[in-house]
Every structure is written in C-alpha cells, then in structure tokens.
Amino acid sequence: MTSVPPVPPVPPVPPPGCPAHESLYGPEFAADPAAVYRRLRDIGPIAPVELAPGVRASLVVGYDAALHVLRSTETFSKDPRRWKDLADGTVPMDSPVVPMMMYRPNALWTDGAEHRRLRGAITDALARVDPATLRGHVEASADTLIDRIAPAGRADLLGEYAQVLPLLVFNRLFGCPADYGERLVQGMSGIFDGVDAEKANELLATTLLDLVTLKRRRPGPDVTSWLMDHPAGLTDEEMVHTLVLLMGAGTEPQQNLIANSLRLLLSDDRFAGSLAGGSLPVEDALDEVLWTDPPMANYAVHYPVHDVVHDGVVLRAGHPLVVSLAAANTDPSLRTDQRAGNRAHLAWSAGPHNCPAQSPARLIAAVAVEKLLDRLPDVELAVPVKALAWRPGPFHRGLVALPVTFPPATATPSGVGDPPPVEGDAPTPQPSVVPETSGVPRGWAARLLAWWRGE
Ligand code: HEM
C-alpha cells in the first residue's frame, strides 16, 4: 500500500452498472452471505458495501488484504471518532449499526499506548481466571440448563442453552448478581440485533454502572474486581466501557460459537458416526465453524488515517474499512480444505486487536457442547438443517433458533447443576450511580448516557 495524496474526489453515487454497495443487512444476506462474498470477490479484495441503509463501508474480503489491514496500525486506526459520515451527520446516530461501531473508551476502539494500557488490564485480569474453575462454572451452568430442558424431550438449543449459558458463566466470572445479568443480556442482544438500540444501550449503561459501584464497595475474586485492581488504574468510566466490551464479547459471539458448532455436529454426516460411537470430535467441529461460520463474521472495523490505495482501490481517510473475517477465511486463494486442527483462520481476528480471550472462549464452547452431547446423546435436529434461519445483521453469524428433539431424560441429582451463588445475589438493593431511566443522570454518568443515546 502506498500513500497517494492527492486523490480524486469521491463520486456522490456509484457509477451506472457498478455492482456497488451490496447490502450486509436484511434476510437475503443472512440467508446466504457466501453468495454476497463471492460477488464482492469478483470486484476485488476490498469492495463497497452497505452495513445498514445509508451506511457505506468497504469490506475486505481477501485473506492477505485482511491480514495487511489488521497489522498495519499506522495506516488503519480503530478509533471511530475518525468516521467522517458519522461526524458530518450522513449516518444518523439512530442507525442500527451505530451502537456496535461508535467510539467508547475501551481497548477495541483505541490505538497505540492507550490501547496497550486498556488491553493490558484485560489480558492480565483474564490470565487470573483458572481454567479448572472456569470449566467447573461451565459444567455447572450447562447442567442447570440441561436439567430444565431434559424432561421435555424437545428444546430450542439457541434460546434455552447457547444463549443463556455464556451469561451464567460470565455472571460467575465477573461476580455479577443474577438480576444484573438478565438486564445485561437484554441490553447486549438489543444492540447486536439493532432492535430498539437506544433503549438497549441505556439498560446496559445503568446495569454496568450498578455493577461497578457494587465492586468498588465489595471487591471479590472476580474479573471485574481484578480489572479495577490493575496498575492501569481504570477509571469508573473506563471500567464501564471495558465491561461493555467484555460482556458483549463474552455473550453474543460465544453463544454463536456454541450454537453453530452444535448445528454442524447434528447435521453433518461426517460427524454422525463419531457421535454415535461416543468419541466426540468437538474440537474438530469448533475448528470448522471458526473457519466457515465465524461468530463475528464481519467486524474489525478500521478507519484509514489518510487516503491510501490498495490493489487500485482508493481507501478514503475516515471511511469505514470492515474486515470480513468470514470472507477472508473462505478466500479461494487459501487452497485448503484442511479445517480440523488448522488455526490459521481469522475468527479471532489478528494483529494487536485480536481476541484476548481465545483460550477461555474455546474452553467454554467445547465444554458446553461436550456436556450437552454427553447428557443428551440421542439429540437430533427437529427440522431439516436447511430450514434453520440465520439472524439478520452485518456483524454476527448466529441462528434464530436451534430446535431439537431427544428422548426425555431425568435431571441430575438435586443441586448438582446449581452454580454457587455470587456474593451480591441476595436482593440487597444497591444505590445506582445513574438513577433509573426516568431520573436525571449526573456528571460523567450523564455524559456516558449521552454518548450511548447519541446526544
Ligand atoms: C467465541 C467467542 C468469541 C469470538 C469468536 C471472539 C472474536 C473476537 C474478534 C473477532 C475480535 C476482534 C474484533 C475487532 O478487531 O474489531 C475480538 C476482540 C475482543 N474480544 Fe473476543 N471473541 C470471543 C469471545 C470473547 C470473550 C469470551 C471475551 C472476554 C471475556 C472476549 C474479549 C474480547 C476483547 C476484549 C476484544 C478486543 C481486543 C482489543 O481490541 O484489543 N472475546 N474477539
């Protein structure tokens, strides 16, 4: 890539006949994203798309181009305050993709030394999570959920298992009282789906502010307290934004990895024999899903710091450059069908912003899938795999539902599946830093809510 100032002005509309701006939203994209990636590849390794109505971006669909963008931090910034169309009002603040793309002072949206400081606190706090303890949390959470569905002989493994399990696990890891957790997941899913995003943002903000207040007063052996304890000295404001990031990453992509892997294991003949034989190729299924249906399909949003040209494509300063992790993974130039054990995929992204939670995330997914198949060995899809619908949205790859049937089973002996209570689960009302939504927020909390509300 070379620096090319000055470059010609951007045409206001795509030229006639140009297949410009494929949409990455709506049911058509959700039903067959691979077809969209194929058409975009015909244009080149980087092609124009719309992330939502009127929200234009360039999508990186080539593997080599993706790696280049992810690693060239001096040219491609993560900071959305450079997003020109948002700054000048071309993209309205109430666009459904804004909550997933807007600046927040956390590791994901910062560069350089600030990024290293914020990320350092995260990696160090996550390093304090003991894998055996984590496995115990996942097993206990899985047992709790399987106990609930087992007697019925049918379930939606997305809504009743994959979606809830990461939340139960993260409630434990983050020392989060149960009622907070429910509000958090409502907020997170609202943001990911772009449905009533403003309300979802507000719910998330108030709940996390409550959690930060609780942990400042009563720290415990949990990730929230370890983050606070870190020499990086995160302020309350940074804590809340870091928690938004961790909770977001820890629930939505996690649920998609679990559900997408279960879908594969239950639908693909290559796995059928091994399942019946009792040797569960769960790790292989995880690898394959991370290649073919990565939970974060198109994220890794970057902003060129100045105009640059790549393979003849002009990339404008401040124009969103979204790396398609899914399209890069299936770039035909990779010429590999060997998925099992091959970890060269970009499902965790790459470069300095790659996912810092790969090991725990993989462990959670593996244990969740193994446990389900172990407890319900004769589980089957309740509908043909082709009838399963995918949720619309440009960023994730997640199912609407995963209906299954199985011979009704009994619950584990009483109490086995109940996770231990988190300190603070008792209904002790905690004073909120930000008053309830009808109240008037104060100080930095007011600013935080204002960001979220796009004011
Ligand atoms: C299956 C589950 C997960 C997948 C597929 C996944 C994937 C990713 C991807 C693709 C990114 C890069 C995003 C970008 O560059 O814009 C990322 C970043 C991140 N992930 Fe994960 N993630 C998962 C689970 C988790 C979990 C469980 C946590 C935390 C507990 C987590 C924490 C983070 C954080 C903090 C970042 C930002 C890192 C930075 O910008 O320096 N992730 N993740």
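The structure we're discussing is the one just above.
Residues numbered from 1 in each chain as written. Predicted model: local features only at pLDDT ≥ 70, side-chain atom pairs only at ≥ 80, totals over all residues. Heavy atoms only, no water.

Chemist: Explanation requested: the packing of helix α7 (residues 131-149) against helix α17 (residues 358-375) in the structure shown.
Modeler: Between α7 and α17, the least distance of the axes is 9 Å, while the angle of their chain directions is 40 degrees. Of the possible angle classes, the one that applies to α7 and α17 is oblique. In terms of crossing hand, the pair formed by α7 and α17 is right-handed. On α17, the residues touching Pro 131, Leu 134, Arg 135, Val 138, Glu 139, Ala 142, Asp 143, Ile 146 and Asp 147 of α7 are Pro 360, Leu 363, Ile 364, Val 367, Ala 368, Glu 370, Lys 371, Leu 372 and Arg 375. Residue classes in the contact of α7 with α17 are distributed as eleven nonpolar, no polar and seven charged. (Axes fitted to C-alpha atoms, helices over the stretch in contact; angles between N-to-C directions. Helix = DSSP H or I, 4+ residues; strand = E, 2+ residues; numbered from the N terminus. Parallel < 35°, antiparallel > 145°, perpendicular 65-115°, else oblique. Left-handed = near helix turned anticlockwise from the far one by under 90°. Contact = heavy atoms within 4.5 Å. Nonpolar A, V, L, I, M, F, W, Y, C, P; charged D, E, K, R; others polar.)

Chemist: Got a minute to help me understand the pairing of strand β4 (residues 55-60) in this structure?
Modeler: Taken residue by residue, a regular strand's side chains alternate between the two faces of the sheet. Buried residues dominate β4, accounting for five of its six residues. The antiparallel pairing of strand β3 (residues 46-52) with β4 creates a hairpin that spans two residues between the two strands, and Gly 54 there sits at a positive phi of about 80 degrees. (Buried < 20%, exposed > 50% of the residue type's maximum accessible area, 1.4 Å probe, protein only. Pairing = 2+ DSSP bridges.)

Chemist: Which parts of the structure should I look at to understand the sheet that holds strand β10 (residues 321-324)?
Modeler: The pairing of strands in a sheet comes from backbone hydrogen bonds and takes either a parallel or an antiparallel form. Reading across from one edge, β2-β3-β4-β10-β7-β5 is the order of the six strands in this open sheet, with mixed pairing throughout. Of all strands in the sheet, those bounded by a partner on one side alone are β2 (22-23) and β5 (76-77). Where β3 lies against β4, six bridges are found, and the strand directions are antiparallel. Directly across from Val 49, in β4, lies its bridge partner Ala 57. Running over the sheet, helix α2 (residues 33-43) touches β2, β3, β4, β7 (298-304) and β10 and is turned about 140 degrees from β3. Strand contacts of helix α3 (residues 63-71): β3, β4, β5, β7 and β10, with the helix running at about 125 degrees to β10, the strand carrying the most contacts.

Chemist: Would you take a moment to explain the layout of surface pockets for this structure?
Modeler: One simple way to see leftover space: roll a probe sized like a water molecule over the atoms. By volume, the second largest pocket is sized at about 600 Å³. If you go around the second largest pocket, you meet 30 residues; those closest to its centre are Arg 263, Thr 292, Asp 293, Trp 390 and Arg 397. Contributions of two or more residues to the lining of the second largest pocket are made by α1 (26-31), α2, α13 (236-267) and α15 (282-292). Element by element, the count of residues in the lining of the second largest pocket is highest for α13, at four residues. Classifying every residue of the lining of the second largest pocket by side-chain character gives 15 nonpolar, seven polar and eight charged. Counting only domains with at least three residues in the lining of the second largest pocket, you end up with domain 1 (1-103 + 297-346) and domain 2 (129-212 + 235-293 + 348-455). (1 Å grid on protein atoms, 1.4 Å probe; cavity = no way out; pocket = protein on both sides within 12 Å on 5 of 7 lines; lining within 4 Å. Points joined across faces, edges and corners; volume = space filled by probe spheres on them. Domains from an automatic or database assignment.)

Chemist: It is not clear to me how the sheet that holds strand β11 (residues 380-381) should be interpreted in this structure. Could you clarify?
Modeler: Within the open sheet, the three strands sit side by side as β6-β12-β11. Their pairing is antiparallel. Here the strands that pair on one side only, and so sit at the sheet edges, are β6 (154-156) and β11.

Chemist: For this particular structure, what's the right way to read the site of the ligand?
Modeler: Taken together, 28 residues sit near the ligand, with Lys 78, His 115, Arg 119, His 353 and Cys 355 positioned nearest. One of the backbone nitrogen or oxygen atoms of Ala 300 is found 3.0 Å away from an oxygen atom of the ligand. In the environment of the ligand, an oxygen atom lies 2.7 Å from a nitrogen or oxygen atom belonging to the side chain of His 353. Where the shell around the ligand is concerned, the elements lending two or more residues are α6 (112-127), α13 and β7. Take the shell around the ligand: its biggest share by element is seven residues, from α13. A breakdown of the residues in the shell around the ligand according to their chemical character gives 20 nonpolar, six polar and two charged. Two domains each donate at least three residues to the shell around the ligand, and these are domain 1 (1-103 + 297-346) and domain 2 (129-212 + 235-293 + 348-455). (Near = heavy atom within 4 Å. Polar contact = N/O pair within 3.5 Å; in protein donor to acceptor, adjacent residues only side chain to side chain.)

Chemist: It is not clear to me how the side chain of Asn 260 should be interpreted in this structure. Could you clarify?
Modeler: Residue position: Asn 260 is located in helix α13. A polar side-chain atom of Asn 260 sits 3.3 Å from the main-chain carbonyl oxygen of Asp 293. Those residues in contact with Asn 260 that lie beyond four places of it in its chain are Val 289, Asp 293, Trp 390, Arg 397, Gly 398 and Leu 399.

Chemist: How should α7 be read in this particular structure?
Modeler: Each α-helix winds once per 3.6 residues, and so residues spaced three or four apart point in a common direction. With 19 residues, α7 should reach 27 Å at 1.5 Å per residue; the first-to-last C-alpha distance of 27 Å fits that figure. Each element contacted by the buried residues of α7 is listed here: β6, α8 (158-162), α9 (164-173) and α17. (Expected span 1.5 Å × (residues − 1).)

Chemist: Just to check I follow, could you spell out the pairing of β10 for this structure?
Modeler: Burial along β10 is two-sided: Leu 321 and Val 323 and Val 322 and Ser 324, pointing in opposite directions, are all buried. Across three bridges, the pairing between β4 and β10 is parallel. If you follow Leu 59 over to β10, its bridge partner there is Val 322.

Chemist: Would you mind showing me how to read empty space enclosed by the protein here?
Modeler: As enumerated under the stated definition, the model contains three cavities of 30 Å³ or more in all. In this model, the largest cavity occupies a volume close to 930 Å³. For the lining of the largest cavity, the elements supplying multiple residues, two or more each, are α5 (98-101), α6, α9, α10 (178-193), α13, β7 and α17. Broken down by element, the residue count for the lining of the largest cavity peaks at nine residues, all from α13. Its residues assigned to classes, the lining of the largest cavity shows 36 nonpolar, eight polar and three charged.

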